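Take a look at the letters that make up each chain.
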Amino acid sequence: MASTKTYAARAEGYANPAARSLLELMDRKKTNLCVSVDVTRKSSLLRIIDAVGPSVCLVKTHIDIIEDFDEDLVSQLQHLSSKHDFLIFEDRKFADIGNTVALQYSRGVHRIASWSHITNAHPVPGPGIITGLASIGQPLGRGLLLLAEMSSAGTLAAGAYTSAAIDMARAHRDFVIGFIAMKRFDGQEDFLILTPGVGLDVKGDGMGQQYRTPREVILDRGCDVIIVGRGIYGKGEGSDDDVIKAQAERYREEGWKAYLERTGQNIV
Ligand code: S5P
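Residues numbered from 1 in each chain as written. Predicted model: local features only at pLDDT ≥ 70, side-chain atom pairs only at ≥ 80, totals over all residues. Heavy atoms only, no water.

Asks: Got a minute to help me understand the packing of aromatic side chains in this structure?
Replies: One pair of aromatic rings is described through two measures. These are the centre distance and the angle between the planes. This structure, assessed with the given rule, holds six aromatic pairs. Ring geometry for Trp256 and Tyr259: centres 4.6 Å apart, planes at 45°, overall tilted. Residue Trp256 and its partner Tyr259 are located together in helix 10 (residues 241–262), separated by three residues, close to a single helical turn. Neither Trp256 nor Tyr259 differs from the other in exposure class; each is buried. One aromatic cluster in this structure is built from Tyr7, Trp256 and Tyr259. (Phe/Tyr/Trp six-rings, centres within 6.5 Å; stacked < 30°, edge-to-face > 60°. Helix = DSSP H or I, 4+ residues; strand = E, 2+ residues; numbered from the N terminus. Buried < 20%, exposed > 50% of the residue type's maximum accessible area, 1.4 Å probe, protein only.)

This is how it looks when you write it as structure tokens:
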């Protein structure tokens, strides 16, 4: 059962380099926290990432909301990734035919595949979206997550749609490393479950987002990585660094405690 095995033990089961590196670094750094940084200025993005860096296994970006994006931002992002030992996840949510997503992934101003270890896609177009993204990402050792479920109220990603997403992933295990989902699914294969909609202080945002605690997500639902945005960086372009650092550690501790309990490693 993937949910009771340690991250380190599971790393060995993955041929995909991004999945392997992620699990190894989660174990090494004792964190299952991914911080989602949804700010619009390059300086805010880099400041927040530098502040949360010591607490995270993964930093999630929406690079298309940055108003002053440039090549230097990519270099600095890569520098912070080595400095603090975390991977980068561009939350691009690809959703088109294979040929188009291959271009969106590799070209344009952002050239996502060149710097993002992990990205994600909606399964809605069918398996061609995986073939298209794999043609670019696989030679670079990248990994893909499929959005099997969403955290927002009224999502259509449920039931038969979710089952079809799982089947698509099973057929492409070399490149599809897991899911954005709200719970672990039954099955023989080990997939990574990354879960947004995590907050300790509020239940929603008035725009459909729904929050659960790290404990509910990691312990009760068997997910692997908690994705936390505003719960850590605050509003707008972000709170002060010391507040952000403290919040990141608070979520890291909660997530890690729940993981230790789940895997029977809790120290009394
Ligand atoms: O179902 C989803 C999938 C994703 S990737 N629900 C989500 O909220 N997300 C992303 O997670 C969303 O785009 C945002 O970047 C982050 C949640 O941010 P928060 O501020 O609500 O924690």
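Resuming the write-up.
Asks: Is there a simple way to think about the site of the ligand in this case?
Replies: For the ligand, the set of nearby residues contains 15 residues, the closest of which are Asp38, Lys60, Ser151, Tyr211 and Arg230. Within the side chain of Ser151, an N or O atom sits 2.7 Å from a nitrogen atom of the ligand. Within the backbone of Gly229, one N or O atom sits 2.9 Å away from an oxygen atom of the ligand. Computed on the free molecule, the ligand has an accessible area of 490 Å², of which 91% lies beneath the protein chains in the complex. Structurally, the ligand is housed in the largest pocket. Looking at side-chain class alone, the shell around the ligand contains five nonpolar, five polar and five charged residues. (Near = heavy atom within 4 Å. Polar contact = N/O pair within 3.5 Å; in protein donor to acceptor, adjacent residues only side chain to side chain. Areas by Shrake-Rupley, 256 points an atom, 1.4 Å probe, with all protein chains shown as cover. 1 Å grid on protein atoms, 1.4 Å probe; cavity = no way out; pocket = protein on both sides within 12 Å on 5 of 7 lines; lining within 4 Å. Sits in = over half its atoms within 2 Å of the grid points. Nonpolar A, V, L, I, M, F, W, Y, C, P; charged D, E, K, R; others polar.)

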